Amino acid sequence: MDWPKKMPLLVLVVTTIVLVEVFGNVNGCFPEEKKSLLEFKAAYYNETLLPSWVDHPNSDCCHWERVTCDSSSGRVFNLSLQNLGKHDINGDCLSPHINWSLFLSFKELTSLDLSHNCFQDFVFYEGIICQMKQLEELHLNGNNLQGTLGTCLENMTSLRTLDLSHNSLRGSIPDSIRHMPSLRILNLGYNNFSGKVPDIFDGGTSQSDTHQVSGLNIIDLSHNQLCGELDNNLWIPSSLVFLSLQGNRLTGVIPDIYPVFQSINIVALDLSDNDFTGTIPGSIYGIESLVFLLLAGNQLQDELSSQICQLKSLQILDLSRNNITGSIPSCLNNIAFQDINFIVSHGIETSVSYGQARRYIAPMFRLKFRLGEVQFMTKGSFFSYEGSSLKTMSALDLSSNQLTGEIPHELGDLRSLQSLNLSHNRLNGSIPDNFHNLQNIESLDLSNNSLSGQIPLDLQDLYSLEIFNVSYNNLSGIAPGGNQFANFDDSNYEGNPLLHWTNSNKRVPPSPIPLHKGKKSDDSFFDLASFYWTFSASYVTVLLVLVTILSINSYWRSLWFYFVVWCLLKCFGHFLGDAFCKKLKS
């Protein structure tokens, strides 16, 4: 072949192909995609909605708000259509009539966000959704969608994020979810799913069965109607960092947790508000990566093992509303309870971005955002995000159990702790004096126990303290009244008959001996009963000395009587003058 002669023709063909790719679609987005977008807008019957979406030949839908197109192909790949729903004057949702098949025209659509719209009473059109195999992110949360989930979801092999939370979906969660190899975030919380927990944790059979779900990072199945017992062994993929089964009807004992492969890197485990019984399994104490452990609202029993202190990375430990007995382990001061930046700091390979963490993880575990910096370990590399990091309230909550004994003074060493709740137990003894070391504490609740003694006055140096409750104990003495304690009132102290508080802007409890009517009490701290006894004794003593002197010395006795007569005449002479004169003359 004579290549030199063919070269100009080859260059012409390549140039033509490039020009077609670049300039082939002169009006921007494709007509069928533009038509579908306008059809979507028309379903809302609101011309003021999405004002840039206009049916004009020169209007390029790639420049419309909430629409993102690929720069090379000109096709739509991202639709952010959340929060478009409207309500009438009665607060009822105005449901648009959406033709779900219109989304099939978007051949390169990878991210679809239709969350928090008014698709009320609409059935989840699973068959149509499952045809969009190119989707990587699907957000349909907050729409009150109805219907069930079938097996076709496993055909969405590219899907990385599936959020169907806050709807009215029912039926069982299909095990086929485990066959979605790209899935990283699964959020089915706040629905009406029933039956058993789906078989997505089965790692004990064979490695071939587990590789397909080994990439899951976040699983939220909270607030459904899931019931029954979990398998004896809960096999956790090493990629899983957040798991929430909160608010279901799960029974039996909490199973032992084992890694699918070499290690467990789970950061947050929430099994609260179920009906689990028995004790905390020993395998949980070996998960060194745990930062959040929430087992509240179950029926856990027996004593709290000192092995809990092995979880040194814990930031939130919530074991409230159980039947845990025994004393509080004194070794809890070995736990950090630090307000730390996180998502993954354990070398985990994860694809959880900052935006995803803020969207899913924060509501799941009631996190608190603050300004700062957060780092993510993504495929071996750290990425830093400044401006609004994920920081949380460090908290220890052992309330509403059957704990006995004294509060360990070692808890005063938890300088980073921000919330401590030991209320509704059977604790006795005094409040540890070294609680003034809790310099970051914002909430301290010791109410409904049998604590005695005085409230340490040094607690008024806890300048971060906003919530303080010691009601219904046996405390005595004077409560602190300085700094932030001046803002606490009866509700913080009631139920302690021997405790007095005299804050200038709050009610003062009545004194043991009532004051005379019309006289005001001052805010001094002397004992009125002692004052009256001392005054009476001094008065009697002076009177006896005076009588003794006058009975011995007649000269001083005469002067005393003349002095008394002179005083009476001076004050009451116009009444008593004649009577005294007659008496003196006689």
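Residues numbered from 1 in each chain as written. Predicted model: local features only at pLDDT ≥ 70, side-chain atom pairs only at ≥ 80, totals over all residues. Heavy atoms only, no water.

**A word on the overall build of the protein**
- Within the protein, the regular secondary structure consists of eight helices and 35 strands.
- Sorting the 586 residues of the protein into buried and exposed places 45% on the buried side.
- Considering only intrachain contacts with a sequence separation of at least 6, the fraction spanning at least 24 residues in the protein is 58%.
- Just so you have it, the protein exposes about 29600 Å², and 54% of that area is on carbon and sulfur atoms. (Helix = DSSP H or I, 4+ residues; strand = E, 2+ residues; numbered from the N terminus. Buried < 20%, exposed > 50% of the residue type's maximum accessible area, 1.4 Å probe, protein only. Contact = heavy atoms within 4.5 Å. Areas by Shrake-Rupley, 256 points an atom, 1.4 Å probe, with all protein chains shown as cover.)

**Regarding the pattern of salt bridges**
- The tally for this structure, following the rule as stated, stands at three salt bridges.
- The partner of E32 in a salt bridge is R75, and the shortest N-O contact between them spans 3.5 Å. Residue E32 is located in helix 2 (residues 31-42), and its partner R75 is located in the loop between strand 1 (67-69) and strand 2 (76-80); the two are separated by 43 residues in the primary sequence.
- For E32, a relative accessible area of 34% corresponds to the partly exposed category.
- R75 gets classed as buried once you look at its relative accessible area, which sits at 15%.
- The residue R75 makes a salt bridge to E33 at a minimum N-O spacing of 3.3 Å. With a gap of 42 residues between them, R75 in the loop between strand 1 and strand 2 and E33 in helix 2 connect regions that are remote in the sequence.
- Classification of E33 as buried rests on a relative accessible area of 0%.
- The network of salt bridges with common partners includes E32, E33 and R75. (Salt bridge = Lys/Arg side-chain N within 4 Å of Asp/Glu carboxyl O.)

**Some words on the state of the cysteines**
- Applying the stated criterion across every chain, the model contains four disulfides.
- The residue that forms a disulfide with C309 is C331, at a sulfur-sulfur distance of 1.9 Å. Disulfide C309-C331: the torsion about the S-S bond is 75°, which places it as right-handed. Residue C309 is located in the loop between strand 21 (299-300) and strand 22 (316-318), and its partner C331 is located in the loop between strand 22 and helix 5 (354-365); the two are separated by 22 residues in the primary sequence.
- The buried category is assigned to C309, whose relative accessible area is 5%. (Disulfide = S-S within 2.5 Å.)

**Quick word on the pairing of strand 14 (residues 233-236)**
- The side-chain alternation of strand 14 yields one buried face, formed by L234 and I236, and one unburied face, formed by N233 and W235.
- Pairing of strand 14 with strand 17 (residues 256-259), which is carried by four bridges, proceeds in the parallel orientation. By the bridge assignment for strand 17, I236 is matched with P259. (Pairing = 2+ DSSP bridges.)

**Concerning the environment of I264**
- Residue placement: I264 occurs in the loop between strand 17 and strand 18 (268-270).
- Ignoring sequence-local partners within four residues, the contact set of I264 consists of I257, Y258, P259, I287 and S289.

**What to know about the confidence of the model for the protein**
- Chain-level pLDDT for the protein is 78 on average; 74% of the residues reach the 70-or-more range.
- Mean pLDDT across the elements of the protein bottoms out in strand 24 (residues 373-378) (29) and peaks in strand 30 (residues 426-428) (97).
- In the model, residues 342-351 has pLDDT below 50 throughout and makes 42 contacts with residues more than four positions away in sequence or in other chains. (pLDDT = per-residue confidence, 0-100.)

**Section: a nonpolar patch on the surface**
- Taken together, F531, Y532, F535, Y539, V540, L543, L544 and V547 make up a surface patch of nonpolar side chains, about 810 Å² in accessible area.
- In this fold, Y532 is placed in helix 7 (residues 528-552). (Patch = residues over 30% accessible without salt bridge, like charges linked within 9 Å, V, L, I, M, F, W, Y side chains within 5 Å.)

**Focus on the side chain of E33**
- Of note is the side chain of E33, whose polar atom sits 3.1 Å from the backbone nitrogen of V76.
- Contacts of E33, omitting those with residues within four sequence positions, involve G74, R75, V76, S105, F106 and K107. (Polar contact = N/O pair within 3.5 Å; in protein donor to acceptor, adjacent residues only side chain to side chain.)

**Description of the sheet that holds strand 34 (residues 474-478)**
- Sheet architecture is open: three strands sit in the order 32-34-35, paired in parallel fashion. Each having just a single partner strand, strand 32 (452-453) and strand 35 (498-500) make up the two edges of the open sheet.
- Sheet topology places strand 34 next to strand 35; three bridges connect them, and they run parallel. Looking at the pairing, S476 lines up with L498 of strand 35.

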